[in-house]
Amino acid sequence: DAGVIQSPRHEVTEMGQEVTLRCKPISGHNSLFWYRQTMMRGLELLIYFNNNVPIDDSGMPEDRFSAKMPNASFSTLKIQPSEPRDSAVYFCASSDSGGSDTQYFGPGTRLTVL
Amino acid sequence: AQSVTQLDSQVPVFEEAPVELRCNYSSSVSVYLFWYVQYPNQGLQLLLKYLSGSTLVKGINGFEAEFNKSQTSFHLRKPSVHISDTAEYFCAVSEAGAGSYQLTFGKGTKLSVIP
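In this text the structure is predicted, and so the values were computed from the model without any measurement. (Residues numbered from 1 in each chain as written. Chains lettered and ligands numbered in written order. Predicted model: local features only at pLDDT ≥ 70, side-chain atom pairs only at ≥ 80, totals over all residues. Heavy atoms only, no water.)

Let's hear about the overall build of chain B: which residues, and what values?
A tally of helices and strands in chain B yields zero helices and 12 strands. Secondary structure elements of chain B occur, N-terminal to C-terminal, as β-β-β-β-β-β-β-β-β-β-β-β. Taking 2.2 N^0.38 as the reference for a compact globule, 115 residues should give roughly 13 Å; the C-alpha atoms of chain B span a radius of gyration of 14 Å, in line with that estimate. Each principal axis of the C-alpha atoms in chain B carries an extent, and together these give about 45 × 30 × 20 Å. (Helix = DSSP H or I, 4+ residues; strand = E, 2+ residues; numbered from the N terminus. Rg over C-alpha atoms; globule rule 2.2 N^0.38 Å.)

Listed below in structure tokens is the structure:
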């Protein structure tokens with residue numbers, strides 16, 4: 001298996017622009033997670049999907065952030081409009097289920113908002 | 001809710017020396033415990049996990065960790081480190097049981113192996 005695939009790997013944009021991050025989870029996994037990693041706050045869970053349904057979006061910072069999972073093999077995280085404080089590495093992870101199962105992380109998207 | 005404290009933000013160690021990376025957690029319920037490693041410019045990769053049973057858990061790359069319930073600790077150890085072990089290590093905790101999903105991560109410990 002190719003593992004979790006994320007695109008793009010790097011994104012540089014200007015404040016106010018829309019940014020879309022993409023994720024393809026491991027085939028057969030029914031749980032998908034979006035995380036944000038910053039120096040100040042470490043790794044934070046943004047949103048959790050189970051069977052394509054958002055279960056917990058309490059970590060989404062504000063209305064500028066939205067996430068979708070239209071099918072079992074694709075998810076997007078969108079920021080509109082982007083701000084410099086959104087600069088971070090965004091990770092997507094998938095697992096067979098929650099709890100004891102291992103979460104497999106993608107390589108991440110490094111977002112820089114100027 | 002759970003929390004994780006990694007006591008050292010940076011640990012330098014000479015090649016072939018032993019290392020211990022410390023992790024303490026706080027929880028009012030039973031937990032699962034994990035150690036992940038992050039190499040530069042990569043995602044996180046599972047090293048090992050404790051779910052139940054034996055308190056000594058062996059993982060990949062020669063790492064092991066011991067669950068100590070009374071001290072609420074899950075320290076990671078390796079008897080002899082290599083240059084390739086230079087990376088950032090994250091301890092994480094989740095609530096035990098079906099239906100739980102949220103991993104709470106520590107702030108990470110950067111291990112630097114010195115030739």
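Got a sec to walk through the state of the cysteines? Specific residues and values, please.
The tally for this structure, following the rule as stated, stands at two disulfides over all chains. Paired by a disulfide, Cys23 of chain A and Cys92 of chain A hold their sulfur atoms 1.9 Å apart. Disulfide Cys23 of chain A-Cys92 of chain A: the torsion about the S-S bond is -65 degrees, which places it as left-handed. Within this pair, whereas Cys23 of chain A is found in strand β3 (residues 19-24), its partner Cys92 of chain A is found in strand β9 (residues 88-95), the two being separated by 69 residues in sequence. Judged by relative accessible area, Cys92 of chain A falls into the buried class, the value being 0%. At a sulfur-sulfur separation of 2.0 Å, the disulfide partner of Cys23 of chain B is Cys91 of chain B. Taking the sign of the torsion about the S-S bond as the criterion, the disulfide between Cys23 of chain B and Cys91 of chain B, at about -65 degrees, is left-handed. Taken together, the positions of Cys23 of chain B in strand β4 (residues 23-26) and Cys91 of chain B in strand β10 (residues 87-95) put the pair 68 residues apart, joining distant regions of the chain. Each member of the pair, Cys23 of chain B together with Cys91 of chain B, is buried. (Disulfide = S-S within 2.5 Å. Buried < 20%, exposed > 50% of the residue type's maximum accessible area, 1.4 Å probe, protein only.)

Explain the layout of surface pockets residue by residue, including any values.
Estimates place the volume of the largest pocket at around 670 Å³. Along the walls of the largest pocket sit 27 residues, with Gln37 and Met39 of chain A together with Gln38, Glu88 and Lys110 of chain B positioned nearest its centre. Every element with two or more residues in the lining of the largest pocket is listed here: β4 (31-38), β9 and β11 (109-113) of chain A together with β10 and β12 (109-114) of chain B. Of the residues that constitute the lining of the largest pocket, the class distribution is 10 nonpolar, 12 polar and five charged. (1 Å grid on protein atoms, 1.4 Å probe; cavity = no way out; pocket = protein on both sides within 12 Å on 5 of 7 lines; lining within 4 Å. Points joined across faces, edges and corners; volume = space filled by probe spheres on them. Nonpolar A, V, L, I, M, F, W, Y, C, P; charged D, E, K, R; others polar.)

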